[in-house]
Amino acid sequence: MIAHLRGSVLEKHPNLVIVETGGVGYEVHIPVSTFTRLPDLGGEAKLRIHMHVREDAMLLYGFHTPEEKLLFEKLITVSGIGPKVALTALSGIAPAALVQAIRAGDLVQLTRIPGVGKKTAERMVVELRDKLDLIIAGSTAPVSLDKGPLLSELDLDLISALVNLGSQRPAAEIAVRKARAALPDGDFEKLFRKAMELVR
């Protein structure tokens, strides 16, 4: 069972990183909060790993902090939530805010996560509300537009991340432009979370 991975970053995207160690490149699915903390290409990455084994695949999920990994593992115990939705949840809401929303029973906040409907959100609250004590809230930092200036590299990364999580390209582009207008000095993580709110 792979629990930790350290190696050079060969390739990175908002939801995926390839880490080389011992001459082998490992494809690791990651949340946006981990992506923003990765080094440049060639730099050394250290990731806590959750290995998910299916009949047809063996997938690796990587996290910058133990709190992110623990929260991910709690989320996938909830009926109706698989690794993809859990990763989307961690990408769309800062872990501390997600823990707070679950503890408070904030269904409005939880149903903003793509793939999470009211029934799933209710199950998250019922099944996890009293199981998040080990997760340190606050350990991770918070949380006409159809035409506009040319998209920057950051804009394109944001759009790519939204599309990878299921958004349509036109809607993703509009959401990113709105997010940039609302947070002109925002970094990738803050802009992505704002765009996630707007794309719906």
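**Student:** It is not clear to me how the layout of surface pockets should be interpreted in this structure. Could you clarify?
**Tutor:** Take a probe with the size of a water molecule and roll it over the atoms, and the empty space left behind shows itself. Considered as a void within the structure, the largest pocket measures approximately 240 Å³ in volume. Lining the largest pocket are 18 residues, with Asn 15, His 29, Lys 84, Leu 87 and Leu 165 sitting closest to its centre. Counting only elements with at least two residues in the lining of the largest pocket, the list comes to β5 (58-63), α3 (83-92) and α7 (153-164). The dominant element in the lining of the largest pocket, judged by the number of residues it contributes, is α3, at five residues.

**Student:** I would appreciate a short explanation of helix α8 (residues 169-182) in the present structure.
**Tutor:** For α8, with 14 residues, the first-to-last C-alpha span of 20 Å sits near the 20 Å given by 1.5 Å per residue. Listing the buried residues of α8 in full gives Ala 172, Glu 173, Ala 175, Val 176, Arg 177 and Ala 179. At its buried positions, α8 is contacted by α7 and α9 (188-198).

**Student:** It is not clear to me how the confidence of the model for the protein should be interpreted in this structure. Could you clarify?
**Tutor:** Parts of the prediction with low pLDDT should not have their coordinates interpreted in detail. Averaged over the protein, the pLDDT score is 85; the fraction of residues at 70 or greater is 90%. The least confident element of the protein is α7, whose mean pLDDT is 83; the most confident is strand β3 (residues 24-29), at 97. Contacts from residues 136-148, a stretch scored under 50 in pLDDT, to residues over four places away or in other chains number 23 contacts.

**Student:** It is not clear to me how the pairing of β5 should be interpreted in this structure. Could you clarify?
**Tutor:** Along any regular strand the residues' side chains alternate between the sheet's two faces. Where burial is concerned, most of β5 is hidden: five out of the six residues are buried. Here β3 runs beside β5; their pairing, made up of two bridges, is parallel. Across the sheet, the residue bridging to Val 28 is Leu 60, located in β5. Examined bridge by bridge, strand β4 (residues 44-53) and β5 share six bridges and lie antiparallel to one another. Within the sheet, the bridge partner assigned to His 50 lies in β5 and is Tyr 61. Between β4 and β5, which pair antiparallel one after the other, the connecting turn spans four residues.

**Student:** I tried to follow the pattern of salt bridges on my own but got confused; where do I start?
**Tutor:** When the charged atoms of two side chains with opposite charge come close together, those side chains can pair. A full pass over the atoms with the stated rule returns eight salt bridges. The partner of Arg 177 in a salt bridge is Glu 173, with the nearest N and O atoms 3.1 Å apart. Of this pair, Arg 177 and Glu 173 both sit in helix α8, four residues apart, which is roughly one turn of that helix. Connected through salt bridges with shared partners, the residues Arg 37, Glu 189 and Arg 193 form a single ionic network.

**Student:** I tried to follow the sheet that holds strand β2 (residues 16-21) on my own but got confused; where do I start?
**Tutor:** Either a parallel or an antiparallel arrangement is found when strands of a sheet pair, and the pairing is made through backbone hydrogen bonds. Read once around its circumference, the closed barrel built from five strands follows the order β1-β2-β3-β5-β4, with strand pairing classed as mixed. On average, each strand axis in the sheet is tilted by 55° relative to the strand beside it, whichever way the strands run. Docked against the sheet, α3 engages β3, β4 and β5, running at close to 15° with respect to β5.

**Student:** Help me understand the side chain of Ser 91 in this model?
**Tutor:** Residue position: Ser 91 is located in helix α3. Classification of Ser 91 by relative accessible area gives buried; the value is 3%. In this structure, Ser 91 is in contact with Pro 31, Val 32, Leu 165, Phe 192 and Arg 193, ignoring residues within four places of it in sequence.

Calculation criteria
Residues numbered from 1 in each chain as written. Predicted model: local features only at pLDDT ≥ 70, side-chain atom pairs only at ≥ 80, totals over all residues. Heavy atoms only, no water. 1 Å grid on protein atoms, 1.4 Å probe; cavity = no way out; pocket = protein on both sides within 12 Å on 5 of 7 lines; lining within 4 Å. Points joined across faces, edges and corners; volume = space filled by probe spheres on them. Helix = DSSP H or I, 4+ residues; strand = E, 2+ residues; numbered from the N terminus. Expected span 1.5 Å × (residues − 1). Buried < 20%, exposed > 50% of the residue type's maximum accessible area, 1.4 Å probe, protein only. Contact = heavy atoms within 4.5 Å. pLDDT = per-residue confidence, 0-100. Pairing = 2+ DSSP bridges. Salt bridge = Lys/Arg side-chain N within 4 Å of Asp/Glu carboxyl O. Axes fitted to C-alpha atoms, helices over the stretch in contact; angles between N-to-C directions.

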